[in-house]
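Structural overview for review
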Amino acid sequence: MRTGEKVQRRAGNGMRAACVALLWTLGCQGGNASGGATAGSAAPAGSAAPAVAGSAAAGSASAAASARTGAAVAPTISLTSEEVAKVMNPKRQAPYSGPTGTLRGRVTIKGDPPPDTGLSFPTGKCGEAAATYGRLFRVGQQNAVADALVTVVNYSGYVPEHEEAEKVTIHGCAFSTRTVVMSYGQRLEVANRDQLESYMPNLEGAPFMAVLVAVPQGDPVKFFPPEAGYYELVDKMPKPFLKAEVFVLKFATHDVTGLDGKYEIKGIPVGKVLTAALLPAIDQDVKKEIEIKEGENTLDFELNFDLKKYNEKKGAKQSR
């Protein structure tokens, strides 16, 4: 392994370790003693050689590449897989069928404005990249913060995931979100909505055996995270700024905010729960215990960004 590769892998492992530590603060499993697993367990994603999965249009090329390298076919994981059931529903409970509530709200941020990232972006074809990645985090109107991960845990009962796939799009050299949250067992679909530009998306930390391309307006690239934990969605063309942090959790009650700062989580069993909002870009979260009532529930979160403290914390991590 070359020196540069070793440095890159160490950096990637450090990021994964930091994000896994953050998952501990949120809880990686839903339910409690009477309803399944306890909150607070997180496992790091398995590392593997970088590769790229892609669209059906490039399927024959990928098969040829796999044949040349002698690589095995990456395992397909689904919500109905036995290994997924062991993680998502270890007590093999029937899906919760009692009264439920929906939790809605906004995540906002106060304090210093997000600093410039110092990244450079191609002109013309990458029109959305600067707006998405030009600053440390994205802020909308009335201090709304985008890309915040909101979770609900510590409820009674097993709440299954119903959506087979979590979908992300690429347009103007930017992912539709900088934070992706999934339930273990879901697949990640990445679709290219550009008219001319192609991409090579890759889920770092997940094993993929061939290089595929997300062609303009083509079928989505499909990824199957092999375990719960932290991953990073990148582009191998390469466009080094094109990234999204991916959290694969052991429960289904989660959402990510858009530029309006809003989130919505449905199907939460009534009773006391632990909620949290995390902004991965600044490694900061806010937790609140609330009681979910049947029907509509509202809860807002407010984060605080202190640029001086952020830089001090970042410097301390880099000096270790």
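This section reports on the structure supplied with the text. (Residues numbered from 1 in each chain as written. Predicted model: local features only at pLDDT ≥ 70, side-chain atom pairs only at ≥ 80, totals over all residues. Heavy atoms only, no water.)

Right, let's talk about the state of the cysteines for a bit. Inspection of the entire model under this criterion finds 1 disulfide. Disulfide partner of C126: C173, at an S-S distance of 2.0 Å. Taking the sign of the S-S torsion, -55 degrees for the link of C126 and C173, the bridge is left-handed. Placement of C126 in the loop between β1 (100-111) and α4 (129-133) and of C173 in the loop between β3 (165-170) and β4 (179-183) is noted, with a sequence separation of 47 residues between them. In this structure, C126 and C173 share a single accessibility class: buried. (Disulfide = S-S within 2.5 Å. Helix = DSSP H or I, 4+ residues; strand = E, 2+ residues; numbered from the N terminus. Buried < 20%, exposed > 50% of the residue type's maximum accessible area, 1.4 Å probe, protein only.)

As a further point, take the pairing of strand β5 (residues 187-192). For β5, the tally of buried residues reaches 5 of 6 residues, placing the bulk of the element in the interior. Alignment of β5 against strand β7 (residues 221-223), held across 3 bridges, turns out to be antiparallel. For V190, the partnering residue across the bridge sits in β7 and is V221. (Pairing = 2+ DSSP bridges.)

Two orientations exist for strands paired in a sheet by backbone hydrogen bonds: parallel and antiparallel. Here we have 4 strands laid out as an open sheet, ordered β10-β2-β12-β13, and antiparallel in their pairing. Single-partner strands in this sheet number two, and they are β10 (254-256) and β13 (284-292). Neighbouring strand axes in the sheet, compared pairwise and without regard to direction, differ in orientation by 15 degrees on average. (Axes fitted to C-alpha atoms, helices over the stretch in contact; angles between N-to-C directions.)

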